[in-house]
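These are the residues of each chain, in order.
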Amino acid sequence: MAKLSTEELLDAFKELTLIELSEFVKQFEDTFNVTAAAPVAVAAAAPAAAGSGGGDEEAASDEVDVILESAGDKKIQVIKEVRTLTSLGLKEAKDLVEAAPKPILEKVNKETADKAKEALEAAGATVSYK
């Protein structure tokens, strides 16, 4: 098989539908035992949650887990936000939201956790840190 250049691969991917591309990514992950989920970087910044209850433990460690406590009334919005934050598929994100309380992000820095918390709370979810 001839080796394809990066440009040729990108051109081939441009021809795929989103569903076909999603199926390709899943098969790629299974074949090579990897995940396509990138480190999370969300758009909006939030001020540090001073009274979140974790206090000393959070200060001792820069890495925290973002826990979805409940989806609230706007479950569809929360599912969309979880998909954005985690790169999960629709079914996986829905299952995660319905199984709350569950960790959404694990071992992320405080700034990323604050951004994720703000985005999830804006969608109507209840979020905490661990």
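The shown structure was predicted, so the numbers you read here are calculated from the model rather than taken from an experiment.

Rules behind the numbers
Residues numbered from 1 in each chain as written. Predicted model: local features only at pLDDT ≥ 70, side-chain atom pairs only at ≥ 80, totals over all residues. Heavy atoms only, no water. Helix = DSSP H or I, 4+ residues; strand = E, 2+ residues; numbered from the N terminus. Contact = heavy atoms within 4.5 Å. Buried < 20%, exposed > 50% of the residue type's maximum accessible area, 1.4 Å probe, protein only. Arc of directions from axis to C-beta. Pairing = 2+ DSSP bridges. Axes fitted to C-alpha atoms, helices over the stretch in contact; angles between N-to-C directions. Phe/Tyr/Trp six-rings, centres within 6.5 Å; stacked < 30°, edge-to-face > 60°. Lys NZ or Arg CZ within 6 Å of the ring centre and 35° of its normal. Core = buried A, V, L, I, M, F, W, Y, C linked by side-chain atoms within 4.5 Å.

S.K.: If you had to explain the overall build of the protein to someone new, which residues and values would you point to?
M.R.: The helix and strand inventory of the protein stands at six helices and three strands. Residue pairs at least 24 apart in sequence account for 70% of intrachain contacts in the protein once pairs closer than 6 positions are excluded.

S.K.: Which residues make up helix H5 (residues 90-98), and what are the values?
M.R.: Listing the buried residues of H5 in full gives Ala93, Leu96 and Val97. Angularly, the buried residues of H5 cover 95 degrees about the axis, an arc narrow enough to put them on a single face. Looking at the buried positions of H5, the neighbouring elements they touch are strand E1 (63-70), helix H4 (75-86) and strand E2 (102-109).

S.K.: Which residues make up the sheet that holds strand E3 (residues 126-129), and what values go with them?
M.R.: In spatial order, the strands read E2-E1-E3; together these three strands make up an open sheet with antiparallel pairing. In the strand order of this sheet, the two ends are held by E2 and E3, each with one partner. Averaged over all adjacent pairs, the angle separating strand axes in this sheet is 25 degrees, with direction ignored. Against the sheet, helix H6 (residues 110-122) contacts E1, E2 and E3, and its axis sits at roughly 145 degrees relative to E2.

S.K.: Lay out the packing of aromatic side chains in plain terms, naming residues and giving numbers.
M.R.: Considering all chains together, one arrives at three aromatic pairs under this definition. Arranged with centres 4.8 Å apart and planes meeting at 50 degrees, the rings of Phe28 and Phe32 form a pair that is tilted. Of the two residues, Phe28 and Phe32 both sit in helix H2 (residues 18-32), four residues apart, roughly one turn of that helix. Taken together, the ring pairs in this structure connect Phe13, Phe24, Phe28 and Phe32 into an aromatic cluster. The cationic tip of Lys117 hangs over the ring face of Tyr129; the distance from NZ or CZ to the ring centre is 5.1 Å.

S.K.: Can you explain the nonpolar core? Please cite residues and give values.
M.R.: Of all hydrophobic cores here, the largest spans 21 residues; its most connected members are Val66, Leu68, Val78, Val82, Val97, Ile104 and Leu120. Listed by contribution, the elements that provide at least two residues to this core are E1, H4, H5, E2, H6 and E3. The element best represented in this core is H4, accounting for four residues. Leave out the neighbours within four places in its chain, and Leu120 touches Val66, Val78, Glu81, Val82, Leu85, Ile104, Ala125 and Val127.

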